[in-house]
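# Structural overview for review
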2 protein chains.
Amino acid sequence: MARAAASKTQTRIQREKTEAILAAALDVFSTYGFRGSTIDQIAKQAGLSKPNLLYYFDSKEAIHSLLLERLLDTWLEPLKKLDPAANDPVKEIIAYVHRKLEMACDYPRESRLFANEILQGAPRIMEQITGPLKDLVDEKAAVIEGWAKQGKIAPVHPYHLIFSIWATTQHYADFDTQVSAILGARSETCFEDACDYLTTMFTKLLRP
Amino acid sequence: MARAAASKTQTRIQREKTEAILAAALDVFSTYGFRGSTIDQIAKQAGLSKPNLLYYFDSKEAIHSLLLERLLDTWLEPLKKLDPAANDPVKEIIAYVHRKLEMACDYPRESRLFANEILQGAPRIMEQITGPLKDLVDEKAAVIEGWAKQGKIAPVHPYHLIFSIWATTQHYADFDTQVSAILGARSETCFEDACDYLTTMFTKLLRP
DNA sequence: TCTGATATTTACCAAATGGTCAGCAAGCCG
DNA sequence: CGGCTTGCTGACCATTTGGTAAATATCAGA
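Residues numbered from 1 in each chain as written. Chains lettered and ligands numbered in written order. Predicted model: local features only at pLDDT ≥ 70, side-chain atom pairs only at ≥ 80, totals over all residues. Heavy atoms only, no water.

On to the packing of aromatic side chains, then. Evaluation of the coordinates by the stated rule reveals 10 aromatic pairs over all chains. Considering the side-chain rings of Trp75(A) and Phe114(A), the 6.1 Å spacing of their centres and the 40° angle between planes classify their relative orientation as tilted. Within this pair, whereas Trp75(A) is found in helix H5 (residues 60–80), its partner Phe114(A) is found in helix H7 (residues 108–119), the two being separated by 39 residues in sequence. For the pair formed by Trp75(A) and Phe114(A), the shared burial category is buried. Between Phe29(B) and Phe34(B), the ring centres sit 5.7 Å apart and the planes meet at 20°, which makes this aromatic pair stacked. Taken individually, Phe29(B) and Phe34(B) each receive the classification buried, so the pair is uniform in this respect. In this structure an aromatic cluster arises from ring pairing among Phe163(A), Trp166(A) and Tyr172(B). (Phe/Tyr/Trp six-rings, centres within 6.5 Å; stacked < 30°, edge-to-face > 60°. Helix = DSSP H or I, 4+ residues; strand = E, 2+ residues; numbered from the N terminus. Buried < 20%, exposed > 50% of the residue type's maximum accessible area, 1.4 Å probe, protein only.)

Printed below as a string of structure tokens:
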């Protein structure tokens, strides 16, 4: 626990500075990964000196952990909202795709932070993956399979459906550099085009 | 240029050691990214001392550059093979998906190396992206658009089609940790399931 | 087997990095 | 204002890191 955060009631300055640090850390970690990032870099980005930053957080790892911890909740929210009782399952899944795409476009740094962590073998969030994340996916995969058995959507492998939704949506955040470079001027309508494209793709796939 | 590699004819040892180094470097770089990897780590993995490694390569960056350079050719090959004269465009694109998926599964480290580089803003391969890669994609996107206009495939945004193929196939290499953790025992049939799933998805999308 | 080229090691360096500490400065509250 | 807590800094430290230099060991060919 950080010295400053150890007290029960945070002061105004504590709140402001910790948030500034986390914001800066998100920038840096999402770009360079954990090992590729330095405290100095984060401190500079946050407008603090290194010792000052370390007054608020005990270590580099502590910042990273807190960031990942906070991330996972937000990250799972779109899938959590998938309603098993929806009366139009195709629309419900498409809505999930839209939420996911929006999240990737609104929070690209979060997406990259997550991608970096997974790429490196998820050393710091493996428990979260095999725990809450897996549980949620298992649950929702069962829902999807149920819909398929009832003939409400076309028969698809539920896990690979989820993977393909993750892959296609997060691609726009994680590989943004590449996407922008290739689209050039077309980048301006990228989000709308992607939204249309993915809607079509998953609708065609899922319509019974 | 590395001292050892400067000579025109490489000796047996030079060939062996450079390959060992590149193999080790691929392992390390693909996991930790450029900044997160150390020469010591690579040297150890290759069974060499650090100075000995630096006898073959001038710097950490030199190894990384050579790796990326070699990578891009292999990486673009599947798309290059997309035949504009194919008489069944849907099948032709599906075949491309299969080549891509196979490549992701056979060369996951290469996929991750590339992913790491793009995630970090592609500082070392931006020219390759805006150059050869973009040119190839532009060319093939035009082919796909042609097919769509002729009614041979359903009308789709050609660039986003390509992105979605990249995203879905590379996902199995880049996010393997996550995929395996979630599938658990189901991982064994992952490749076949993914192949089936993607075939269905893209066939449904593209069939006119 | 001798010799020159190639290969490898030991010892080293400067810079960067994660982190600490003692002391000084600012806020806050009576 | 005075005093106590909170916030911040500069100097410092040990370790790691990328990289070098010189000395030594190994190899291939005459």
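Attention now goes to the protein's contact with DNA strand C. In the neighbourhood of DNA strand C, 18 residues make up the surrounding shell, with Lys50(A), Thr11(B), Gln14(B), Lys17(B) and Tyr56(B) lying closest. Counting only the atoms of DNA strand C that lie within 4 Å of the protein, the sugar and phosphate share comes to 61%. Lys50(A) is positioned such that a nitrogen or oxygen atom in its side chain is 2.9 Å from a base nitrogen of DNA strand C. Lys17(B) places a side-chain nitrogen or oxygen 2.4 Å from a phosphate oxygen of DNA strand C. At the level of elements, helix H4 (50–56) of chain A together with helix H2 (12–36) and helix H4 (50–56) of chain B are the ones that each hand at least two residues to the surface near DNA strand C. With four residues, the single largest contributor to the surface near DNA strand C is H4(B). When its residues are assigned to classes, the surface near DNA strand C shows seven nonpolar, seven polar and four charged. (Near = heavy atom within 4 Å. Polar contact = N/O pair within 3.5 Å; in protein donor to acceptor, adjacent residues only side chain to side chain. Nonpolar A, V, L, I, M, F, W, Y, C, P; charged D, E, K, R; others polar.)

All names here are of chain B. In this model helix H7 (residues 108–119) runs 16 Å from its N-terminal to its C-terminal C-alpha over 12 residues, within 8% of the 16 Å that 1.5 Å per residue would give. Taken together, the buried positions of H7 are occupied by Glu 110, Ser 111, Arg 112, Leu 113, Phe 114, Ala 115, Asn 116, Glu 117, Ile 118 and Leu 119. Just downstream of H7, Gly 121 is the residue with a positive phi angle, here 90°. (Expected span 1.5 Å × (residues − 1).)

With that settled, the discussion passes to the packing of helix H9 (residues 158–174) of chain A against helix H11 (residues 190–206) of chain B. Working note: a packed helix pair is described by the angle between its axes plus the distance between those axes. Two numbers describe how H9(A) lies on H11(B): the axes approach to 10 Å, and their chain directions differ by 70°. With respect to H11(B), the element H9(A) is oriented roughly perpendicular. Remark: the crossing between H9(A) and H11(B) carries right-handed chirality. The residues of H11(B) that touch H9(A), namely those facing His160(A), Leu161(A) and Ser164(A), are Cys190(B), Asp193(B), Ala194(B), Tyr197(B) and Met201(B). (Axes fitted to C-alpha atoms, helices over the stretch in contact; angles between N-to-C directions. Parallel < 35°, antiparallel > 145°, perpendicular 65-115°, else oblique. Left-handed = near helix turned anticlockwise from the far one by under 90°. Contact = heavy atoms within 4.5 Å.)

As a further point, take the environment of Ala46(A). Residue and element names in this part refer to chain A. As for its placement among the helices and strands, Ala 46 is situated in helix H3 (residues 39–46). Ala 46 sits 23 residues away from Ala 23 along the chain, and the two C-alpha atoms are 7.6 Å apart. Filtering out sequence-adjacent residues up to four positions away, Ala 46 remains in contact with Ala 20, Ile 21 and Ala 24.

With that out of the way, let us pick up the interface of chain B and chain A. Across the contact, 57 residues belong to chain B and 57 residues belong to chain A. A buried area of about 5,000 Å², summed over both sides, lies between chain B and chain A, and 69% of it is on carbon and sulfur atoms. Together, Leu119(B), Ile182(B) and Tyr197(B) form the three largest contributors to the area buried by chain B at its contact with chain A, with a combined 15%. Counting across the chain B and chain A interface gives zero salt bridges. For the side of chain B that touches chain A, the secondary-structure elements that each account for two or more residues are H2, H7, helix H8 (126–149), helix H9 (158–174), helix H10 (176–183) and H11 of chain B. Ranked by residue count, the leading element in the side of chain B that touches chain A is H9(B), at 12 residues. Of the residues belonging to the side of chain B that touches chain A, the class tally is 29 nonpolar, 19 polar and nine charged. (Buried area = accessible area lost by both parts, 1.4 Å probe. Salt bridge = Lys/Arg side-chain N within 4 Å of Asp/Glu carboxyl O.)

Moving on: the domain arrangement of chain A. Residues and elements named next belong to chain A. Structurally, chain A comprises domain 1 (3–58) and domain 2 (68–206). Just the C-alpha atoms count here: the centres of domain 1 and domain 2 sit 30 Å apart. Opposite the 11 residues of domain 1 that make contact, domain 2 presents eight residues. Carbon and sulfur atoms make up 53% of the area that domain 1 and domain 2 hide from each other, which totals about 790 Å². Summed over the three residues of domain 1 that lose the most area to domain 2, namely Leu 26, Ser 30 and Phe 34, the buried surface amounts to 58% of that side. Counting across the domain 1 and domain 2 interface gives two salt bridges. The salt bridge partner of Arg 70 is Glu 19, with a shortest N-O separation of 3.0 Å. Where domain 1 packs against domain 2, one counts three residue pairs in polar contact (both at pLDDT 80 or more). Taken together, the residues of the side of domain 1 that touches domain 2 break down into six nonpolar, three polar and two charged. (Domains from an automatic or database assignment.)

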